[in-house]
Structure formats: structure tokens, C-alpha cells
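Working through the structure, step by step
Below, each chain spelled out in residue letters.
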Amino acid sequence: MCLGIPGRIVAVADEEAMLCVVDVSGVRRTVDVVCVATPGAPLDTLVGRWVLVHVGFAMSVIDEDEAAATLKVLTEIGEAAAEMEALASGSLDPLATPAA
């Protein structure tokens, strides 16, 4: 099962390509932020925001409390480990480029 997993945007990877680096429990990946970016606003306004990441895309902006609650539930139902493993291996990232 593929779920959206909370991550925090920590950097802009490529403004023109709409890519940011997201940290998901210590795993960093480059994700597409076109779905959550504000038209006309620089992507650095997203740095520090929490998002739900699904198949390499930030699908929605969430607050920190919602992120913590979602991670807690995923851990309790045993899905977090599988999602983290998939994220770390790049299988959920269509760009498959780990961030440094």
C-alpha cells in the first residue's frame, strides 16, 4: 500500500524544475512541489513547511501537529517502516535521486 508520509521541506533543489529536498524521519529525498507551491512565489517560502509526500510529489501542506499524529499512526499500524524503506531505496521517488 502506498501512503502519503509526512516530511519537512529543508531546501530548494531546483527552483525552475519545482524540486525541493524533503526530510522524512532523517531520510532526505528530492520531491516535486508543483502541487503545493504558490504560483509566483519563490520556492524558499516552502522551506520549513510540512508536506505529505506520495510517489515523489509533495501532495499537500500540513501542520506540524498533523505530521506528528500521522507518523504516530503509521508507526502504530506498522506502515511507517515499509514506507521509510521504500523512500530510502528510491522506489517511491520517480526522480530516484537521493539528496545529499
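Let us look at the structure shown here. (Residues numbered from 1 in each chain as written. Predicted model: local features only at pLDDT ≥ 70, side-chain atom pairs only at ≥ 80, totals over all residues. Heavy atoms only, no water.)

1. Notes on the pattern of salt bridges
- Counted by the stated rule, this structure contains 2 salt bridges.
- Between Glu64 and Arg8 there is a salt bridge, and its shortest N-O distance comes to 3.7 Å. Here Glu64 is found in helix H1 (residues 64–76), whereas its partner Arg8 is found in strand E1 (residues 5–14), with 56 residues between them in sequence.
- Residue Arg8 is classed as partly exposed on the basis of its relative accessible area of 30%.
- We note a salt bridge from Arg28 to Asp23, for which the minimum N-O separation is 3.2 Å.
- For Asp23, a relative accessible area of 18% gives the class buried. (Salt bridge = Lys/Arg side-chain N within 4 Å of Asp/Glu carboxyl O. Helix = DSSP H or I, 4+ residues; strand = E, 2+ residues; numbered from the N terminus. Buried < 20%, exposed > 50% of the residue type's maximum accessible area, 1.4 Å probe, protein only.)

2. Describing a negative patch on the surface
- On the surface, Asp14, Glu15, Glu16 and Asp44 cluster together into a negatively charged patch.
- Within the element layout of this structure, Asp44 appears in the loop between strand E3 (27–32) and strand E4 (50–54). (Patch = residues over 30% accessible without salt bridge, like charges linked within 9 Å, V, L, I, M, F, W, Y side chains within 5 Å. Areas by Shrake-Rupley, 256 points an atom, 1.4 Å probe, with all protein chains shown as cover. Lys, Arg positive; Asp, Glu negative; His and termini not counted. Charge placed at Lys NZ, Arg CZ, Asp CG, Glu CD.)

3. Remarks on the environment of Val12
- Within the fold, Val12 resides in strand E1.
- Between the alpha carbons of Val12 and Thr45 there is a distance of 9.5 Å; along the sequence they are 33 residues apart.
- When residues no more than four places from it in sequence are discounted, the contact partners of Val12 are Leu19, Cys20, Leu43, Asp44 and Val47. (Contact = heavy atoms within 4.5 Å.)

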